[in-house]
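Residues per chain are reported as follows:
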Amino acid sequence: MSRIIQAGTAAAAAALLGGMALASPASAAPGAAQTVSATYDCGAFGVTDLEIEASASGGVGSVKVSTSGGLAPADIPADSVTATLRLERAAGGTVDFTGTANEAAPAGQPLTVGPLTAPVVAGDSLDSYIPATGSSDVSLSLDILGVQNTCKAVSKQTPGPLVF
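Here goes a summary of the coordinates provided. (Residues numbered from 1 in each chain as written. Predicted model: local features only at pLDDT ≥ 70, side-chain atom pairs only at ≥ 80, totals over all residues. Heavy atoms only, no water.)

**Digging into the overall build of the protein**
- When helices and strands are counted, the protein shows one helix and ten strands.
- Going residue by residue from the N terminus, the α and β elements of the protein occur as α-β-β-β-β-β-β-β-β-β-β.
- Sorting the 164 residues of the protein into buried and exposed places 34% on the buried side.
- Here the analysis covers contacts within the protein between residues at least 6 apart in sequence; of these, 61% occur between residues at least 24 apart.
- Carbon and sulfur atoms make up 60% of the accessible area of the protein, which totals about 8,300 Å². (Helix = DSSP H or I, 4+ residues; strand = E, 2+ residues; numbered from the N terminus. Buried < 20%, exposed > 50% of the residue type's maximum accessible area, 1.4 Å probe, protein only. Contact = heavy atoms within 4.5 Å. Areas by Shrake-Rupley, 256 points an atom, 1.4 Å probe, with all protein chains shown as cover.)

Here it is, written out as C-alpha cells:
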C-alpha cells in the first residue's frame, strides 16, 4: 500500500511540475509583467524577432519592444524613435500602443523602444496583429531619425497572447 501511495504522490508531483513548466508567462496574473516574442517582417530593413515585455496598471497597458537585429543604418540617439505597435484583441478589434522613448543604439544593432502605452481593460487578450495579405496595414510603425520603417507581424506571439 505504501508503494502505491508513493507512486501516486510522485505522479501527482510530476503532473504539477509539468503543468508549471508548461504555463506561459503570458498567462500570468493580469497586471503582472509578461514577456512574449513574435516574428516581424520590416521590408528592406529585414526580418526581426521582437521581444515584447508588457504590464498594466490602472487601465493603462505598457509595452517595451526589443528587436533581435538592427533596423537603422545610423546611430540612434535616446528618445528619438516614435513608435506604434498594433496588437489584436481576442474579443475583436485592435489596440495601438504608442510613444516616443528608446534607449540609444549603435547603427545596425538591436533596438529597444518603450514604454509604449494604450488603454486596456481587465481581461484583454492581445496578440500579434497580422495584416491580411495585400493589405497596406502595418503591425509596427517606427519613425527613426525621420525615416519611416514599417513592419508586419508574420507570427502570433509565443508562448501566447498578452493578458491584462
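After that view of the structure, there is still more to cover.
**Quick look at the pattern of salt bridges**
- In total, this model carries four salt bridges according to the counting rule given.
- Between Asp96 and Arg86 there is a salt bridge, and its shortest N-O distance comes to 2.8 Å. Pair noted here: Asp96 is in strand S5 (residues 94–100) and Arg86 is in strand S4 (residues 81–89), with a separation of ten residues, a long-range link.
- Here Lys156 and Glu88 are joined by a salt bridge, their closest N and O atoms 3.1 Å apart. Residue Lys156 is located in the loop between strand S9 (147–153) and strand S10 (162–163), and its partner Glu88 is located in strand S4; the two are separated by 68 residues in the primary sequence.
- Among the residues examined, Lys156 registers a relative accessible area of 38% and is labelled partly exposed.
- For Glu88, a relative accessible area of 31% translates into the label partly exposed. (Salt bridge = Lys/Arg side-chain N within 4 Å of Asp/Glu carboxyl O.)

**Focus on the pairing of S5**
- Side chains of S5 alternate between two faces, with Val95, Phe97 and Gly99 buried and Thr94, Asp96, Thr98 and Thr100 left unburied.
- Here S4 hands over to S5 after four residues, with Gly92 in that stretch at a positive phi of 110 degrees. (Pairing = 2+ DSSP bridges.)

**Quick notes on the state of the cysteines**
- Scanning all chains against the criterion turns up one disulfide.
- Cys42 shares a disulfide with Cys151; S-S distance 2.0 Å. Because the sign of the S-S torsion sets the handedness, a value of about 105 degrees for the bond joining Cys42 and Cys151 places this disulfide among the right-handed ones. Of this pair, Cys42 sits in the loop between strand S1 (34–41) and strand S2 (47–57) while Cys151 sits in strand S9, and the two are 109 residues apart along the sequence. Cys151 carries the same exposure label as Cys42, and that label is buried. (Disulfide = S-S within 2.5 Å.)

**Topic: the packing of aromatic side chains**
- Applying the stated criterion to the full structure yields one aromatic pair.
- Positioned above the aromatic ring of Tyr129, the side-chain terminus of Arg86 is 5.8 Å from the ring centre. (Phe/Tyr/Trp six-rings, centres within 6.5 Å; stacked < 30°, edge-to-face > 60°. Lys NZ or Arg CZ within 6 Å of the ring centre and 35° of its normal.)

Any functional reading would require information that these geometric values do not contain.
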